[in-house]
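What follows is each chain in one-letter form.
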Amino acid sequence: MPTGPQIILALKVLVVAVTVLLLASLVALALKRPRLHGRINTAFFVLTMATVVGFETLLQWVDVSATFDPAARQALHTHLWFSVPSALLLPAMIITGKLRRKQLHLALALVFVLLWTGTVVTGLGLPN
């Protein structure tokens, strides 16, 4: 079984990896390549959801209270306050993008970027 620090390190690596995809998606928008933006966002969605499902599954098998110290548990709890709502917004983002509901997509995007910023800051700040 992985240890708490190994789980946190994997989480940090995955947060950085999908954030790079998100930034690439924004670059595609800046270059006026909406189809590329959509494809990158689809990859971002799939990888983020796989990460959420994978970590949730892992945490069902790992005794979190034994692998994380109190500071790490609190930091992870704070991280989840940002990451869970951002993950819950992703399906709506994908749907509004595919349906070309631009105004709603942009409004959700603003909320998502704020939540994702919190996800990145709290995720990279987790103690290992």
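First, a word on scope: everything that follows refers to the structure included in this document. A quick note: this is a predicted structure, and the numbers were derived from the prediction, not measured.

Where helix 2 (residues 34-61) meets helix 4 (residues 70-98), the axes come as close as 10 Å, and the angle between the chain directions of the two elements is 155 degrees. The angle between helix 2 and helix 4 falls in the class roughly antiparallel. For helix 2 against helix 4, the interelement crossing comes out left-handed. Touching Asn41, Thr42, Phe44, Phe45, Thr48, Met49 and Val52 of helix 2 are Ala87, Leu90, Pro91, Ile94 and Lys98, all from helix 4. For the contact of helix 2 with helix 4, the class distribution of residues is eight nonpolar, three polar and one charged.

Next up on the list: the packing of helix 4 against helix 5 (residues 102-124). Relative to each other, helix 4 and helix 5 sit at 150 degrees, their axes nearing to 8 Å. Classified by the angle their axes make, helix 4 and helix 5 are roughly antiparallel. As helix 4 packs across helix 5, the resulting crossing turns out to be left-handed. Facing helix 4, whose interface residues are Thr78, His79, Phe82, Ser83, Pro85, Ser86, Leu89, Leu90, Ala92, Met93, Thr96 and Gly97, helix 5 presents Leu104, His105, Leu108, Ala109, Val111, Phe112, Leu115, Trp116, Gly118, Thr119, Thr122 and Gly123. Here the residues of the contact of helix 4 with helix 5 sort into 13 nonpolar, eleven polar and no charged.

Calculation notes
- Residues numbered from 1 in each chain as written.
- Predicted model: local features only at pLDDT ≥ 70, side-chain atom pairs only at ≥ 80, totals over all residues.
- Heavy atoms only, no water.
- Axes fitted to C-alpha atoms, helices over the stretch in contact; angles between N-to-C directions.
- Helix = DSSP H or I, 4+ residues; strand = E, 2+ residues; numbered from the N terminus.
- Parallel < 35°, antiparallel > 145°, perpendicular 65-115°, else oblique.
- Left-handed = near helix turned anticlockwise from the far one by under 90°.
- Contact = heavy atoms within 4.5 Å.
- Nonpolar A, V, L, I, M, F, W, Y, C, P; charged D, E, K, R; others polar.

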